[in-house]
Structure formats: C-alpha cells, structure tokens
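Observations on the model geometry
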Amino acid sequence: MSVQVEKYKDILASLDSAVCLVAVSKTKPEADIQALYTLGQRDFGENYVQELVDKAAQLPTDIRWHFIGHLQSNKVKYIAPFVHLIHGVDSWKLLQEIDKQGRKVGRTLSVLLQMHIAQEETKFGLDQSELDEILAQIRKTPCSHVQVQGLMGMASFSSDTALIQAEFRSLKQQFDRVANLEIPGVAMQWLSMGMSSDYPLALAQGSNMVRIGSLLFGAR
Ligand SMILES: *Cc1c(COP(=O)(O)O)cnc(C)c1O
C-alpha cells in the first residue's frame with residue numbers, strides 16, 4: 001500500500017492544533033482514503049468533480065470534502081449537496097453560481113477566494129484589484145447562500161525558498177487586510193496555503209490550512 005502512515009503521523013504531530021490538514025487524495029483509490037480515515041483523518045481534498053462525486057458516494061458520510069481544483073460554473077451543482085469547502089473561487093460569476101446552487105439545496109456553501117501569488121502564468125487566481133472587485137460586489141449584492149471563509153493560494157513551483165516565502169507572506173498580508181475590512185459574509189478564518197513541497201514555509205508565514213498529497217499517498 002502506498003499510504004505513508006508514519007509520515008502522516010509525523011506531519012500531524014508537527015502541526016499546531018489550530019491547523020487543518022487537508023489530505024489531497026486526487027487520483028488515489030478509495031482504499032487509500034479509507035486507510036487514513038481509519039487513523040482519524042476527516043478532511044480530504046479532490047481536484048476533479050466527477051472523481052469527487054464518485055468517491056463521496058462510496059466513502060463515509062462524515063468525511064469533509066474539500067474541492068481544491070478549478071471549478072467550472074456548470075459543475076457546481078454536482079458538489080453543492082455535500083461539499084465542505086470550495087478552495088478555488090476566482091470569479092464573481094462562479095461565486096454567484098455557488099450561491100444559486102446553495103440556495104437550491106438549502107445549504108450555505110463555504111468558499112475560499114483563490115489568489116494568484118506565483119510567478120507562473122498558468123495558475124488560476126485573483127490579483128489584488130480583482131479581489132477588491134469581488135469584495136465590492138459582495139458588499140453591493142450580498143450572497144445569502146455563500147460564506148467566504150478565507151483565501152487560498154499556490155506558491156511558485158521553485159527551489160527558491162526566498163521567493164516562496166515572499167509569495168506566502170504577500171498572501172498573508174492580503175488575508176489580514178481583508179479581515180480588517182469587516183465585510184458581511186466574509187470571514188477570514190482559513191488561510192489555505194502549503195503543499196507537500198512547501199508547507200513548512202507556508203506555516204511559518206501564517207497558514208492554518210495545508211493541502212498535502214504526495215507526502216501522504218505517494219507520488220501520483
Ligand atoms: C494536487 C494539489 C495539492 C497537493 O499537492 P502535493 O504536492 O501532492 O502535496 C495541493 N493543492 C492543490 C491545489 C493541488 O492541486
């Protein structure tokens with residue numbers, strides 16, 4: 001089995017109790033998820049809607065499913081009934097669709113706004129002015145079935161520690177800035193940053209939610 005049980009225990013023991021560990025199980029079989037579930041893990045992250053829907057139907061219902069991929073508006077409806085937290089929201093259009101689907105299923109859906117902090121152009125996310133536009137929209141047209149609970153970001157894929165640190169620091173600064181705005185429906189509770197390769201750097205910059213895949217489940 002590829003699940004790294006000792007590594008899981010080490011990581012868990014190293015985390016402050018206020019930090020949420022999201023075990024990223026994309027492309028991994030249900031048996032691997034079940035193995036960590038048995039050890040007490042409840043937060044799991046998936047990137048693909050169909051895969052998430054299939055796994056959620058097979059696995060225990062008290063798993064908190066995090067959607068961490070890029071979500072297309074037309075697929076929100078499939079995860080709205082059960083998803084715990086949607087990490088990658090980067091447009092007002094998507095936020096409105098999440099609100100609409102939340103209303104349909106009678107749930108208030110929790111989301112994180114995804115910021116673009118990396119050098120690479122391919123990664124999704126908002127810059128500061130786009131973030132401010134969305135926040136202005138939320139002020140103007142409050143969403144009754146969406147709660148913004150924080151920010152998410154991915155650092156550059158790089159061995160340059162100083163660069164990664166600077167990117168995480170900039171995301172933490174945005175997080176603190178938005179928290180001070182005190183916008184109804186926007187609570188800066190979760191700062192989702194850090195993956196297998198960089199989570200210690202993210203924690204040092206104030207992350208309280210890390211998304212770790214390959215360290216727990218082996219390489220994909
Ligand atoms: C795959 C993925 C992760 C986990 O990556 P690892 O390097 O395997 O830890 C974290 N966040 C996002 C958004 C991902 O797509």
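Residues numbered from 1 in each chain as written. Predicted model: local features only at pLDDT ≥ 70, side-chain atom pairs only at ≥ 80, totals over all residues. Heavy atoms only, no water.

Quick notes on the site of the ligand
Counted only if it meets this: Throughout, the term near means that a residue has one or more heavy atoms lying within 4 Å of the molecule or strand in question. Within 3.5 Å is the distance limit for a polar contact, defined as a pair of N or O atoms, with the added protein rule that one can donate a hydrogen and the other accept it, and that residues adjacent in sequence qualify only through two side-chain atoms. With residues, only the protein chains shown are counted as cover, and all accessible areas are computed by Shrake-Rupley using a 1.4 Å probe. Going along the chain from the N terminus, every DSSP run of H or I of four or more residues is numbered as a helix, and every run of E of two or more is numbered as a strand. Under the scheme applied, nonpolar residues are Ala, Val, Leu, Ile, Met, Phe, Trp, Tyr, Cys and Pro; charged residues are Asp, Glu, Lys and Arg; polar residues are all the others, including Gly.
If you check the shell around the ligand, you find 13 residues, and the closest are Lys26, Asn47, Ser196, Ser214 and Arg220. Taking Gly213, its main chain carries an N or O atom lying 2.8 Å from an oxygen atom of the ligand. Note that an oxygen atom of the ligand is positioned 2.8 Å from one of the side-chain N or O atoms of Arg220. Relative to its unbound accessible surface of 390 Å², the ligand loses 91% to contact with the protein. Elements with a minimum of two residues in the shell around the ligand: β6 (146-154) and β8 (209-212). Its residues placed into classes, the shell around the ligand shows six nonpolar, four polar and three charged.

Quick look at the packing of helix α6 (residues 128-140) against helix α7 (residues 161-181)
Packed helix pairs are characterised by how far apart their axes lie and by the angle those axes make with each other. What counts here: Each axis is a line fitted through C-alpha atoms, taken for helices only over the stretch in contact, and angles between the N-to-C directions span 0 to 180 degrees. For classification purposes, an angle smaller than 35 degrees is called roughly parallel, one larger than 145 roughly antiparallel, one from 65 to 115 roughly perpendicular, and anything else oblique. Crossings are assigned a handedness: left-handed for a near helix turned anticlockwise from the far helix by less than a right angle, right-handed for a clockwise turn. By definition, residues are in contact when any of their heavy atoms lie within 4.5 Å.
The contact between α6 and α7 brings their axes to 12 Å, and the two run at 20 degrees. As far as their axial angle goes, α7 and α6 are roughly parallel. As α6 runs across α7, the sense of the crossing is right-handed. Only Gln174, Arg177, Val178 and Leu181 of α7 make contact with α6, whose side of the interface consists of Gln128, Leu131, Asp132, Leu135 and Arg139.

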